Amino acid sequence: MTALFEIFDPKAAPKPIGIDLGTTNSLVAWVDANGKPMVARDCDDVSLVPSVVHYRADGGVVVGRGAQLLASEHPRETIVSAKRYVGRGADDDAVKGLGPYDLLPRADDGPNVVRFKVHGRAVTPMEVSAEILRSLKRLAEDELRAVGGVVITVPAYFDEAQRQATKDAGRLAGLDVLRLLNEPTAAALAYGLDKRASGTFAVYDLGGGTFDVSILHLDDGVFQVKSTGGDTALGGDDMDRAIAEELFVAMGFADASARPAAIVRLVLDESRKIKHALTTSDVAGADLPHAGGAVSRVEISRERFDALIAPLLARTGVTCRRALKDAGVKPEQLDGVILVGGATRVPAVRAYVAKLFGREPLADIDPEEVVALGAAVQANQLAGSVVTDEVLLLDVIPLSLGIEVGGGVVDKILPRNTATPASARATYTTQEDNQTGFVVHVVQGERELAADCRSLATFTLGGIPPMPAGLARLEITFRVDENGMLGVHAVEATTGLEQTVTVEPSFGLDDDTVEQMLIDALDHGEDDLDARKLAEQRVEGRRILAATRRAMADSPDLLDASERAAVEAVAAKLEKAIEGTDAARITLYIDDLDAATKPFAARRMNEAVAAALRGRDVTSVEVEVAHAKGIENAHADG
């Protein structure tokens, strides 16, 4: 007998959920009453929701498999792999060849984000992601009735702009985002690594559009990401494109500019099917239309496929070796390697990982579900359930964060690989007399000069009363939360003036920027240190020159003509050295100027002391000295 009604408690507490917002597919999961994480499935018992959104001309939206079926016929109105566009700028060259879309130019009066032109209106990647998240929410509600807070996973190497865009997409979808969780960390939770006493693991995550590797260490309940690396534009989609290029040549469409948009989408879809088929078959192909109009079968062998993707795998190897080096871990010291992401089903990938790390990787849990399951575990913990063992998660900052100081030098406040959440404070002062404000330039990177790092934000703290250089005190605090978002708080200590900003850059990192920033820091390390020393000495030289000339103007009677000429001669040499590129020469003339002005400085000090004592008797001075000594002794005794 079929039940017409299902009885449930409308007052039951909403269930926390975990979402893997993937490039190719997305999933939603939760922890059941027995403490077991499980993924939501649709009526066809399928857990994967294709991360595809189709926009109809009447304003309707189709998400998932239905949208996927419409992609070939409506390639420009069907957004695939939107995650690759999240947090990127409209003028970012890296996004222009990722799909057959009409991309609008950068808006003059809005944020610099990618905008798809669909039926005459602009659609952002954040809006596309929100539609996917709404669909996942509905899928979870079909089984849970009501959903609570959500943990959404992101690649470990997502920058602040990409993380913020993901969080905004969650809110736009009507979700209460508890936390953004790095995908490798989620996978480790799904495997129950927190139940071990200790261990060191590598998580190799090759998804549809992103690659991440993290070195995780568990010790006495503290689960720390020792290092992380990745590529935000490398994944299974690139394998599909490698196959597609072979197919295009065989079809007579070698010229990319002559390929119809519908043919491009069709070939990409068939390429993905061929990739999946080659997981278990030695040869796979598809019936495709050729340039002349005829339809014939084009086949690719697994051997050829392995050769096509070899350069992609080599790119992951470079990142993995760097992550191991950053963590101070050798492959043989690992307790295991975890595979994550649908692309790790490819036999060539598994063979490459086994050779790279010297051991067979773990793949007991479906690599496409493992991240969502881990996110559900974390959501359950954050919601206060005591179903799973508690574990402390410590992610790391992938690139150093700091501010630009005098001379264009970077002062790193939070170094790379600092465990998050993290907080650090630094104090600065003014360099000019009567300076009434501070310009705070926040940067990200490993180089010594701000010009060589990535600019994140610039803001001004004004309204400071004029005072001599060095008296104002600016305290800057950096806080990176568990979602990887950076908050900057600046306060001037003498006045209490303050300002707080959340860093939301207007563009994401280019495809190879993160990796190139690390390489550049190594390649230019010695040159950068020399450049930093030169910049610092120039600042110091200018400061001393200004102070000397100010003192000479204030006390002209304390210098005779010969002394003034000697000081001016050395000052001129210092000024000329500052314009040059020899830091040692600047240091030399700073010392010479110090020596030349010592008698003058001594006379100024004597005059200042005399002025302070003028009109006072010896007895009162002796009393003050004795009182000061008594206070000093009291502090010493304490």
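Residues numbered from 1 in each chain as written. Predicted model: local features only at pLDDT ≥ 70, side-chain atom pairs only at ≥ 80, totals over all residues. Heavy atoms only, no water.

## Observations regarding the pairing of strand β20 (residues 409-414)
When strand β19 (residues 401-405) meets β20, the two strands line up antiparallel, connected through 5 bridges. Bridge assignment links G402 to a residue of β20, and that residue is K412. (Pairing = 2+ DSSP bridges. Helix = DSSP H or I, 4+ residues; strand = E, 2+ residues; numbered from the N terminus.)

## Comments concerning the nonpolar core
Membership of the largest hydrophobic core comes to 44 residues, with the highest contact counts inside it found for Y204, M239, L247, F305, I309, V349 and F357. Residue contributions to this core peak at 8 residues, all from helix α7 (residues 302-327). Dropping the residues within four chain positions of it, L247 is found in contact with V267, S271, I274, L288, V298 and I300. Y101, F116, L139 and L180 belong to the second-largest nonpolar core, a separate cluster that totals 40 residues. (Core = buried A, V, L, I, M, F, W, Y, C linked by side-chain atoms within 4.5 Å. Buried < 20%, exposed > 50% of the residue type's maximum accessible area, 1.4 Å probe, protein only. Contact = heavy atoms within 4.5 Å.)

## Some details on the sheet that holds β20
Overall, antiparallel pairing links the 4 strands, which are arranged β20-β19-β23-β24 in an open sheet. The two strands at the open ends of the sheet, each matched to only one other strand, are β20 and β24 (454-462). Ignoring strand direction, the axes of neighbouring strands in this sheet form an average angle of 30 degrees. Where strand β23 (residues 437-444) meets β24, 8 bridges bridge the pair, whose relative direction is antiparallel. Residue pairing across strands places V440 opposite F459, the latter belonging to β24. (Axes fitted to C-alpha atoms, helices over the stretch in contact; angles between N-to-C directions.)

## Re the packing of helix α5 (residues 236-251) against helix α6 (residues 261-277)
Packing of α5 against α6 leaves a shortest axis separation of 8 Å and a crossing angle of 115 degrees. Classified by chirality, the crossing of α6 by α5 is right-handed. Seen from α5, the contacting residues are G236, D237, M239, D240, R241, I243, A244, L247, F248 and M251; seen from α6, they are I263, V264, V267, L268, S271, R272, I274 and K275. For the contact of α5 with α6, a count of residues per class yields 11 nonpolar, 2 polar and 5 charged. (Left-handed = near helix turned anticlockwise from the far one by under 90°. Nonpolar A, V, L, I, M, F, W, Y, C, P; charged D, E, K, R; others polar.)

## Describing the environment of V440
Relative to the helices and strands, V440 is located in strand β23. Taking the C-alpha atoms as reference points, V440 and E404, separated by 36 residues in sequence, lie 7.2 Å from one another. Not counting residues up to four positions away in its chain, the partners in contact with V440 are I403, A457, T458, F459, L474 and I476.

## Some remarks on the sheet that holds strand β7 (residues 78-80)
Judged by pairing direction, the sheet is antiparallel, and its 3 strands sit side by side in the order β6-β5-β7 without closing on themselves. Here the strands that pair on one side only, and so sit at the sheet edges, are β6 (61-63) and β7. With strand direction ignored, the average angle separating the axes of adjacent strands in the sheet is 15 degrees. The strands touched by helix α2 (residues 125-144) are β5 (52-55), β6 and β7; relative to β5, the strand with the most contacts, the crossing angle is about 110 degrees.

## Notes on the packing of aromatic side chains
Here the distance between the centres and the angle between the planes together describe a pair of aromatic rings. Applying the stated criterion to the full structure yields 4 aromatic pairs. Between Y85 and Y101, the aromatic rings sit 6.1 Å apart at their centres with planes inclined by 70 degrees, giving edge-to-face as the arrangement. Highlighted residues: Y85 in the loop between β7 and β8 (116-118) and Y101 in the loop between β7 and β8, separated in sequence by 16 residues. When its relative accessible area of 2% is taken as the criterion, Y85 is described as buried. Judged by relative accessible area, Y101 falls into the buried class, the value being 10%. Pairwise contacts between aromatic rings join Y85, Y101 and F116 into one cluster. (Phe/Tyr/Trp six-rings, centres within 6.5 Å; stacked < 30°, edge-to-face > 60°.)

## Brief notes about the packing of α7 against helix α8 (residues 347-357)
Here α7 crosses α8 at 35 degrees, and the two axes come no closer than 9 Å. Here the hand of the crossing between α7 and α8 comes out right-handed. Contacts between α7 and α8 involve R302, D306, I309, L313, A314, T316, G317, C320, R321 and L324 from the former and P347, A348, V349, Y352, L356 and F357 from the latter. Its residues placed into classes, the contact of α7 with α8 shows 11 nonpolar, 2 polar and 3 charged.

## Examining helix α12 (residues 561-578)
Given a rise of 1.5 Å per residue, 18 residues ought to cover 26 Å, and the 26 Å separating the end C-alpha atoms of α12 matches this to within 8%. Every buried residue of α12 is accounted for by V567, V570, A571, L574, A577 and I578. Down the axis of α12, the buried set is contained in an arc of 115 degrees. They therefore lie on one face. Seen from the open side of α12, the exposed residues pointing more than 90 degrees away from its buried face are A561, S562 and K576. (Expected span 1.5 Å × (residues − 1). Arc of directions from axis to C-beta.)

## Let's talk about the pattern of salt bridges
Counted under the stated rule, the structure contains 27 salt bridges. The salt bridge involving D58 is made with R56; its shortest N-O contact spans 3.1 Å. Residue classification places D58 among the exposed residues on the basis of a relative accessible area of 60%. Among the ionic pairs, E299 bridges to R297, the shortest N-O distance being 3.4 Å. R297 sits in the partly exposed class, given a relative accessible area of 46%. Because the salt bridges share partners, they merge into one network encompassing D237, D240, R265, D269, R272 and K275. (Salt bridge = Lys/Arg side-chain N within 4 Å of Asp/Glu carboxyl O.)

## Focus on the pairing of strand β11 (residues 176-182)
Burial analysis of β11 places 5 of its 7 residues in the buried class, the great majority of the element. Looking at chain direction, strand β10 (residues 147-154) and β11 are connected through 6 bridges and run parallel. Its bridge partner lying in β11, V150 is registered against V177.

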